[in-house]
Each structure stands twice: as C-alpha cells, then as structure tokens.
Amino acid sequence: MTPSETYYENLAKTTMKNLEKRHFECHYCKTAQEAVKLASELVPSDSTVSFGGSMTLAESGMADILKQRSDITLLDRSKAGSPEEVKEIYHKSLNADYYFMSSNAITVEGELVNIDGTGNRVGALIYGPEHVIILAGMNKVSPSLEEAVSRVKNVASPLNANRLSRNTPCAATGLCSDCLSPDCICSHTVITRKSAPEKRIKIILIGEPLGY
Ligand code: SF4
C-alpha cells in the first residue's frame with residue numbers, strides 16, 4: 001500500500017468507529033469504482049431515487065450509474081424544463097426511497113457538516129427520504145468540528161461559488177467573508193450529530209480525494 005492509502009485507511013477506521021457510535025451505517029471502499037458499485041447494490045429495483053448537487057457524485061461516476069439504471073425511477077432535476085419543474089422535483093425528492101449526496105465535511109468524531117444555499121439537499125438529509133446514501137472522499141474528513149466548518153467555508157464554498165459563477169467575496173479571494181450578498185450560497189449550516197432512525201443515513205468513505 002502507498003503511504004496515502006495507509007493514511008486514508010487508518011483515518012477511516014477511526015472515523016467509522018465514531019460514526020457507528022452515532023448510529024450511521026458505514027462502509028469503506030478504497031476506490032470510487034468500488035464505492036459506486038456498492039452504493040448501486042444498496043438500491044433495490046423499483047426504488048424511487050434522487051440526488052443533490054455534488055461534484056463527488058459526478059467525479060465518481062455515481063450520477064451516471066443512477067442515470068443508466070432502467071429499473072429505478074430517478075428524479076433528475078437536470079431533466080427539468082423550467083424552474084417550476086425543478087421545484088416539483090425538489091418536493092418529490094423528499095418522498096424518495098433513496099437520496100444520494102456527499103457531505104461537505106465529516107469530522108473524525110463522526111459529525112456531518114453541510115452548507116446549502118437553497119436547502120433542498122440538507123432538507124432531504126434531515127428528513128423525508130427513507131434512506132440517504134453519502135459518498136465522501138477521505139479528503140472531506142476533518143480533525144474537529146471547527147476545522148470542518150472552516151473547510152466548508154474556506155475551501156468547498158469558494159470552489160462552488162467559482163463553479164456556479166457566483167459573484168461572492170469568496171469567489172474572488174478564496175476565503176469566506178461571511179457575506180450576505182445576493183449570490184451567497186451559504187444559507188443553511190447543518191451539523192448532523194447522529195442518524196435517526198438508526199442506519200437511515202449510510203456513509204461510504206472512499207480512499208481517494210473526491211469533490212470539494
Ligand atoms: S458566506 Fe459568502 S463569502 Fe462566505 S463562503 Fe458563503 S458565499 Fe462565500
């Protein structure tokens with residue numbers, strides 16, 4: 001094993017022990033390819049599935065796999081023809097059997113940290129879909145809650161602001177200025193400290209850097 005493979009595996013073991021104490025279901029896969037296969041197997045035929053905006057789902061190929069499955073009903077907002085249809089998909093997604101997303105950060109102590117602009121993704125994380133499946137590269141694991149929030153504000157959000165061509169201070173400086181600008185993508189900061197019901201939230205940690 002390479003040093004980074006060993007590091008990710010050791011850090012994942014510590015993190016998973018703490019996630020399991022908090023009633024999350026946990027898995028570890030060395031590669032994105034293995035993670036995508038496992039995640040797809042967790043979803044039975046005839047399920048209704050939705051997903052939140054995520055570079056991890058795009059980079060890992062998870063979004064494509066879901067789009068290729070003809071045995072599930074996929075609620076895909078990229079297929080919406082109008083803002084009204086997007087809104088309808090957001091609402092229907094709250095009744096999905098499975099909801100896919102990543103997490104902006106995960107603490108070694110086992111908390112999930114997510115910041116959303118619209119709130120459709122964190123809304124589904126908190127309540128609604130029967131199951132939530134999270135794919136997260138080990139680059140998302142932070143040593144403390146403070147560092148996890150800082151990671152989201154000073155790494156994930158500026159990168160997302162650039163990706164979405166938002167006119168925010170962080171898009172220009174690379175650092176959060178705690179703005180309230182019209183283009184701000186940070187409306188809701190959600191810390192998930194346990195899964196309720198038990199194992200509703202399933203986390204697949206991946207031994208590769210993925211997403212922001
Ligand atoms: S609050 Fe504003 S400046 Fe800070 S990360 Fe969010 S969008 Fe960027």
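Use the structure listed above.
Residues numbered from 1 in each chain as written. Predicted model: local features only at pLDDT ≥ 70, side-chain atom pairs only at ≥ 80, totals over all residues.

Details of the site of the ligand
Threshold: Nearness rests on one distance test: the residue's C-beta atom, set from the backbone, must lie within 6 Å of the molecule or strand. The way it works is that DSSP assigns letters per residue, a run of H or I at least four long becomes a helix, a run of E at least two long becomes a strand, and they are numbered from the N terminus. All residues other than Ala, Val, Leu, Ile, Met, Phe, Trp, Tyr, Cys, Pro, Asp, Glu, Lys and Arg, Gly among them, are scored as polar; the first ten of these are nonpolar and the last four charged.
The environment of the ligand is made up of 13 residues, and the closest members are Ser157, Cys170, Cys176, Cys179 and Cys186. If you list the elements that add at least two residues to the shell around the ligand, you get α7 (145-163) and α8 (169-173). Tallying contributions element by element places α7 first for the shell around the ligand, with 3 residues. Residues that form the shell around the ligand fall into these classes: 8 nonpolar, 3 polar and 2 charged.

Examining helix α1 (residues 3-21)
Note the following rule: By this rule the span expected of a helix is its residue count minus one, scaled by 1.5 Å. With C-beta atoms placed from the backbone, a residue is labelled by how many other C-beta atoms lie within 10 Å of its own: buried for 20 or more, exposed for 12 or fewer, partly exposed between the two. Read the arc as the range of directions from the helix axis to the C-beta atoms. C-beta atoms are placed from the backbone for every residue, and two residues are taken to be in contact when these atoms lie within 7 Å.
Compared with an ideal rise of 1.5 Å per residue, which puts 19 residues at 27 Å, α1 spans 28 Å between its outermost C-alpha atoms and is within 8% of the ideal. Residues of α1 that are buried: Tyr8, Ala12, Thr15 and Leu19. Buried residues in α1, looked at end-on, bunch into an arc of 80°, giving them a common side. The exposed set on the far side of α1, more than 90 degrees from its buried face, consists of Pro3, Thr6, Asn10, Lys13, Lys17 and Lys21. Close packing links the buried residues of α1 with β1 (25-29), β5 (105-107), β8 (141-142) and β10 (201-206). Histidine 23 sits one or two residues past α1 and shows a positive phi near 70°.

Quick word on helix α2 (residues 32-41)
For an α-helix, 3.6 residues make a turn, and residues three or four places apart therefore share a direction. Among the residues of α2, those classed as buried are Ala32, Ala35, Val36 and Ala39. For α2, the buried positions fall inside an angular range of 100° around the axis, keeping them on one side. Contacts made by the buried residues of α2 are with β1, α3 (55-60), α4 (62-68), β7 (131-137) and β10.

Observations regarding the sheet that holds β10
Hydrogen bonds along the backbone pair up the strands of a sheet, which may run parallel or antiparallel. Let me state the cut-off plainly: Only strands joined by at least two bridges in the DSSP assignment are considered to pair. Note on geometry: axes are lines fitted to C-alpha atoms, helical ones only across the stretch in contact, with angles between N-to-C directions running from 0 to 180 degrees.
If you walk across this open sheet you meet the 6 strands as β1-β10-β7-β4-β2-β3, and the pairing is parallel. Each having just a single partner strand, β1 and β3 (73-75) make up the two edges of the open sheet. Put simply, the sheet's adjacent strands are angled 20° from each other on average, direction ignored. Strands in contact with α2 are β1, β7 and β10; relative to β10, the strand with the most contacts, it is inclined by about 160°.

Comments concerning the sheet that holds strand β9 (residues 188-192)
On the basis of which strands lie adjacent, the open sheet formed by 4 strands has the order β8-β5-β6-β9 and mixed pairing. Edge positions in the open sheet fall to β8 and β9, since each of these has one partner strand only. Sheet topology note: the β5/β8 ladder contains 2 bridges and is parallel. When the bridges of β8 are listed, isoleucine 106 appears paired with valine 141.

Section: the environment of leucine 210
Inspection of the secondary structure puts leucine 210 in the segment after β10. C-alpha separation for the pair leucine 210 and isoleucine 126, spaced 84 residues apart in sequence, amounts to 23 Å. Leucine 210 has contacts with Ala32, Thr56, Glu59, Ser60, Gly137 and Asn139, leaving out every residue within four places of it along the chain.

Quick look at the pairing of β10
With 5 of 6 residues buried, β10 lies mostly within the body of the structure. With 5 bridges connecting them, β1 and β10 associate as parallel partners. Note on β10: the bridge partner recorded for tyrosine 28 is leucine 205. Strand direction decides the pairing type here: β7 and β10, joined by 6 bridges, are parallel. Looking across to β10, one finds that isoleucine 134 is bridged to isoleucine 203.

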